[in-house]
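Read off the chains here:
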Amino acid sequence: MSKFIRDVLIFCAINLSVLGYLFVIYDFDADYLASLNDKLDRLESTEPPRILFIGGSSVAWSNHTQLVKDAFGMDAENMAIHAGMALSMRINEARMWPKQGDIVVLSIEWSNYTDVPWTRKMAEVVIACPRMFLLMGSRDRKLVADGLLPAMRIPFTAFFDDFKKNKLKAFTHASAQKRKQWRLRENFSDLGDFQGHYGVKPFGIAGRDVVFSSMEELEEGIERLNELIAELRARGVEVYYFVPVIPQSRFDAKRETALAHVQKLVDELDAPVLNPDNFVFPDDAYFDSCFHLQDVPGQERTQILVDELSKYLKPQSQSQPPSGDSP
């Protein structure tokens with residue numbers, strides 16, 4: 001009996017060691033979502049006035065925040081990361097991150113008004129950046145618990161896929177990171193923009209669709225956003241809304257729905273909608289999804305944002321009196 005117990009313990013120890021090793025070389029700390037740690041660190045080290053971009057990957061991948069910082073002469077940070085966290089997390093981020101004097105630019109992907117988070121992605125976010133757990137309500141924390149096991153399996157399923165192609169090289173840290181391709185923490189700029197796809201041959205958007213929330217879901221989402229906007233204004237935070245991009249062909253296919261959504265935002269949202277007539281880009285401007293613009297189109301999108309914000313904001317150097325003058 002003692003020999004059997006010994007053999008079981010040895011077997012378990014070997015397997016746990018292998019599994020632990022695979023988890024270590026996957027290196028969640030180097031993963032795309034771990035960039036949230038850098039974004040939060042920078043947010044804690046700066047003071048208002050700041051321009052904060054809050055949204056999903058349509059903002060993370062398509063913003064050139066340096067253009068905004070240069071245009072207005074104030075700190076700016078792209079806090080966006082992934083649409084899979086849905087509307088409630090966007091609202092909680094916008095509620096908890098800004099301080100008095102900040103400017104918040106919100107952009108909610110077309111489908112996110114359904115407010116149905118991706119369970120596994122919620123768990124991945126918390127593994128990569130535990131501080132995000134503090135922003136979550138009871139529903140989202142339960143989703144983290146539900147998605148924890150699928151998220152913990154990722155390093156192992158990724159290893160087996162890698163092993164089929166690369167055999168023993170799959171046991172190396174370099175191979176584990178290579179299979180993530182460009183989706184790495186190191187590929188974010190110092191202002192929070194994801195730049196890992198710059199210079200990479202685009203995959204295109206064939207087979208990709210743009211899903212819209214229902215008008216009822218949009219209306220409910222606008223009500224929640226208006227409550228947020230009222231709270232932020234009472235705290236001295238300005239809020240603006242930037243309509244997410246959409247490829248020309250997808251817009252043509254769903255023109256009536258898209259225009260109805262934008263018009264409802266313009267009519268009912270208690271914040272300026274910056275680009276109600278300028279959110280469609282050619283299909284070949286996108287990288288690998290209907291929300292991820294390539295480098296130059298991303299610059300064009302950001303310039304649109306700068307031009308529209310300029311109608312409301314003055315550069316910091318012009319809005320402050322010269323040194324020695326009375327305020």
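Residues numbered from 1 in each chain as written. Predicted model: local features only at pLDDT ≥ 70, side-chain atom pairs only at ≥ 80, totals over all residues. Heavy atoms only, no water.

Peer 1: Quick one: what's the story with the sheet that holds strand E1 (residues 50–55), residue by residue and with numbers?
Peer 2: Taken in spatial order, the four strands of this open sheet run E2-E1-E3-E4, and their pairing is parallel. Whereas interior strands pair on both sides, the edge strands pair on one side only; in this sheet they are strand E2 (75–78) and strand E4 (238–241). When the angles between neighbouring strand axes are averaged without regard to direction, this sheet yields 20°. Pairing geometry for strand E3 (residues 103–107) and E4, over four bridges, is parallel. Residue pairing across strands places valine 105 opposite tyrosine 240, the latter belonging to E4. (Pairing = 2+ DSSP bridges. Helix = DSSP H or I, 4+ residues; strand = E, 2+ residues; numbered from the N terminus. Axes fitted to C-alpha atoms, helices over the stretch in contact; angles between N-to-C directions.)

Peer 1: Give me the lowdown on the pattern of salt bridges, citing residues and values where you can.
Peer 2: Evaluated as defined, the whole model comprises 24 salt bridges. For arginine 131, the salt bridge is made with glutamate 44, and the minimal N-O distance between the two is 3.4 Å. Here arginine 131 is found in the loop between helix H6 (119–128) and helix H7 (138–166), whereas its partner glutamate 44 is found in helix H2 (residues 35–45), with 87 residues between them in sequence. What makes arginine 131 partly exposed here is its relative accessible area of 29%. (Salt bridge = Lys/Arg side-chain N within 4 Å of Asp/Glu carboxyl O. Buried < 20%, exposed > 50% of the residue type's maximum accessible area, 1.4 Å probe, protein only.)

Peer 1: Tell me about the environment of phenylalanine 28, and name the residues and values.
Peer 2: Its location among the elements puts phenylalanine 28 in the loop between helix H1 (2–26) and H2. Exposure remark for phenylalanine 28: the relative accessible area of 7% places this residue in the buried category. For the pair phenylalanine 28 and leucine 313, spaced 285 residues apart in sequence, the C-alpha separation works out to 39 Å.

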